[in-house]
Amino acid sequence: MRDFSYFRADNIEAARNAAALPGAMLLAGGTTLVDLAKCGVAEPATVIDISHIEGLNAIDASADRALIGALAKMSHVADNAEVKSFFPAVSEALWQAASAQLRNMATIGGNLMQRTRCPYFRDPANFPACNKRVAGSGCSAIGGVTRGHAVLGVSEACIATYPGDLAVALVAFDAEVDLGERKLKVEDFFLAPGATAEQEHDIRPGEVITAIEIPGSAAARRSTYIKVRDRQSYEFAAASAAVGLELEGDGRTIRDIRVALGGVATKPWRARAVEDALKGKALDEATIREASELAMEGAVDHGANRYKIALAPRVIARAILKLGETA
Amino acid sequence: MTSQTIIDPPEDGHFRNGIAANGSTPSPTTLSLHLTINGETHALDIEPRVTLLDALRERLHLTGTKKGCDQGQCGACTVHVDGERVLACLTLAAQVEGRSITTIEGLADEDGTLHAVQAAFLEQDAFQCGYCTPGQIMSAVACIREGHAGSDEEIREYMAGNLCRCGAYPNIVAAVRQAAQELRS
C-alpha cells in the first residue's frame, strides 16, 4: 500500500473542502478504501477521515419516511426496529450483506460509494487492462472468466456487476441521496458504465453524502429482499431482488409493486417493465412468472454468466409469491 | 489525535498542518497516536497507512490477534472497537484513536479466569489448529452481546465472517450456543 497523508475532519464543511482537493479520498468505515489501497487499486494522496464527525449517524424512521445519516453503520440500520417494521427489505438487504464485522464498520454513505468491482479490477498487477482503473485501457473481463459478471446495463467498456445489496432496496423504494447542495434519486446517483466505466456515481468534487431518505409507502411496508448466492452467507448475490407489494382491498389485485435487482446488472437495477406488467393484475403465479421474465429484456451474457438470465426472474417471482403469502 | 492531524477547512486550498508542541512542523507521513487497548494507553509514532492489525502485532507485540487473509475475508483479526466487533486488518490505527479497543488478550479477568466464551471453546473442543480461534472468540462474544445467538441457524449466519480452515464449525456453533445460554442465565 502506497503511503498517504492522513487528516481527520471534525465537521462536514472541512470534509467538503478536503474532498475537493486532488488525490483526496474520504475514509468512513474503511472497508472498501483500505481494501482497494492494499490491492493497489486505490492510491489516495490524502485520506480524509470523516468517521469522527458527530451528528451524522442518526436513524430516524417511521411509516412516513426513513432519514438515515451517512455515518450510520449498516448493522445499526439493519437492527433498527422502525426500519424493520416499515422498510423490511432495507433491513434484510443490509443483514444479508458482507459479514457482521464489516457491517459494524461500513457506513451507509460509504456503502453507496463502494466501487463496482470485479476480480480483474481488483488485480492490477496481473490485469493492467481495466477501463474502470485506466480509462481506455480495455476490459480484461470480456473474454475472461465471467461467471459473476453482469448481464444488464453492460457496455463494451465494462461488465462488472454492482456488488451492493442496500442500494437495490433503495432504488426499489425511490430513495434519495442528500449531497448537501443537491438531492438525487439513488437510481440516478448510480451510472451504468457506457463509454465512461471509471465514473460510477453522479458526484462532484467537494460533494459529500450526508444522508439518505426513503419515502414510506404501503409497498415499502410489505417488502422483502431475497438474495440467492453460491454459499448461504457472506457472499455476493448471484441474483437478488428487492420487492414491495401493495394489494387492493380485495386482497388479490396488485395496486402497487416495486421490483429492483442486484447481482445481475452494472448498477442497482429497477425492473419497471415487471412492475408495469403486474399493476392491476391478479396475484397469481403464472401471471407473476410471465411478468418476471420482462426484467431480462435487453440482457447480454458472456457465456459463463448466462445462468443469471434464467435465475433472476425466478428470484423476482419467489419474492412476489412470498409477499403474497404473508397477506 | 494530536493537533497536527486535525484539519481546519483548507480555505486556501492547502491543509494547514498544526505545529507540534516543540515548534517543529511534523512530517506529514508520521503520526503520533495514543491508542487505548484493553484499558491501557499506548503511544505510537506510525505511518498513516499502518492498520490496527499491524500496530497491534508488530508495534505493541499483542500477537493474539491473528493475520489470516489481511483483506477482510477471514475474520482472524476480529477485535472490538467501543464494544463492537470489527476487522483490524481493514481498520487504520489512526482511525481508532480515542476509541476503546479490546483484543483477545483483554478478554479474561485479571486473575486469569476465562471469559465464558473462552471456557466454552475449551469444553466443546471448538478448534483444531487454533489459528482462527482468537477471532472466532472475539466474534462470538459480540455475537452473543448483540442478541444474534438465539438459534444454531442464527449463530451460523452471524458467525459467517469467521472462517475455519480446519472445519471445526459444528463445535464452534456448540460453544457459542453453550456460552450464550450461560451468559443469559
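Residues numbered from 1 in each chain as written. Chains lettered and ligands numbered in written order. Predicted model: local features only at pLDDT ≥ 70, side-chain atom pairs only at ≥ 80, totals over all residues.

> Describe in detail the overall build of chain B, supporting the description with residues and values.
Per the secondary structure count, chain B includes 5 helices and 5 strands. The helix and strand sequence of chain B, counted from the amino end, reads β-β-α-β-β-β-α-α-α-α. Considering chain B as a whole, with its 185 residues, one finds that 42% of them fall into the buried category. (Helix = DSSP H or I, 4+ residues; strand = E, 2+ residues; numbered from the N terminus. Buried ≥ 20, exposed ≤ 12 C-beta atoms within 10 Å, placed from the backbone.)

> Explain the sheet that holds strand E1 (residues 31-37) of chain B to me, and be specific about the residues and the numbers.
All names here are of chain B. In spatial order, the strands read E2-E1-E5-E3-E4; together these 5 strands make up an open sheet with mixed pairing. Looking at strand neighbours, the two that pair on one side only are strand E2 (40-46) and strand E4 (84-87), the edges of this open sheet. Within this sheet the neighbouring strands show an average axis-to-axis angle of 40 degrees, counted without direction. Judged from the 2 bridges that link them, strand E3 (residues 78-81) and strand E5 (residues 100-102) form a sheet pairing that is antiparallel. What sits directly across from Val-81, in E5, is Ile-101. Relative to the sheet, helix H3 (residues 133-146) contacts E3 and E4, its axis offset from that of E3 by approximately 40 degrees. (Pairing = 2+ DSSP bridges. Axes fitted to C-alpha atoms, helices over the stretch in contact; angles between N-to-C directions. Contact = placed C-beta atoms within 7 Å.)

> Describe the interface of chain A and chain B, listing the residues and the values that go with them.
Counting residues at the interface gives 31 residues for chain A, matched by 33 residues for chain B. Those elements that place two or more of their residues in the side of chain A that touches chain B are strand E1 (5-8), helix H1 (12-19), helix H2 (33-38), strand E3 (46-49) and helix H6 (100-105) of chain A. Ranked by residues supplied to the side of chain A that touches chain B, first place goes to H6(A) with 5 residues. Counted by class, the side of chain A that touches chain B contains 15 nonpolar, 9 polar and 7 charged residues. (Nonpolar A, V, L, I, M, F, W, Y, C, P; charged D, E, K, R; others polar.)

> Hey, could you go over H3(B) for me, with residue numbers and the actual values?
Residue and element names in this part refer to chain B. For H3, built from 14 residues, the straight-helix expectation of 20 Å at 1.5 Å per residue is met to within 8% by its first-to-last C-alpha distance of 20 Å. Of all 14 residues in H3, 12 are buried; the element is thus mostly enclosed. Along H3, the residues classified as buried are Thr-133, Pro-134, Gly-135, Gln-136, Ile-137, Met-138, Ser-139, Ala-140, Val-141, Ala-142, Cys-143 and Ile-144. Phi for Gly-147, located one or two positions after H3, is positive at around 85 degrees. (Expected span 1.5 Å × (residues − 1).)

> If you had to explain the domain arrangement of chain B to someone new, which residues and values would you point to?
All names here are of chain B. Under the domain assignment used here, chain B contains domain 1 (3-106) and domain 2 (116-184). Tallying the contact residues gives 14 residues for domain 1 and 11 residues for domain 2. Listing elements by their share of the side of domain 1 that touches domain 2, those giving two or more residues are E3 and E4. Class assignment for the residues of the side of domain 1 that touches domain 2 results in 5 nonpolar, 6 polar and 3 charged. (Domains from an automatic or database assignment.)

> Describe the packing of helix H2 (residues 116-123) of chain B against helix H5 (residues 169-184) of chain B, listing the residues and the values that go with them.
When two helices pack together, their arrangement is given by the angle between the helix axes and by the axis-to-axis distance. Residue and element names in this part refer to chain B. Running from amino to carboxyl end, H2 crosses H5 at an angle of 140 degrees, the nearest separation of the two axes being 8 Å. Accordingly, the angle class assigned to the pair H2 and H5 is oblique. Here the hand of the crossing between H2 and H5 comes out right-handed. Residues Ala-116, Val-117, Ala-120, Phe-121 and Glu-123 of H2 form the contact with H5, whose participating residues are Ala-175, Gln-178, Ala-179, Glu-182 and Leu-183. (Parallel < 35°, antiparallel > 145°, perpendicular 65-115°, else oblique. Left-handed = near helix turned anticlockwise from the far one by under 90°.)

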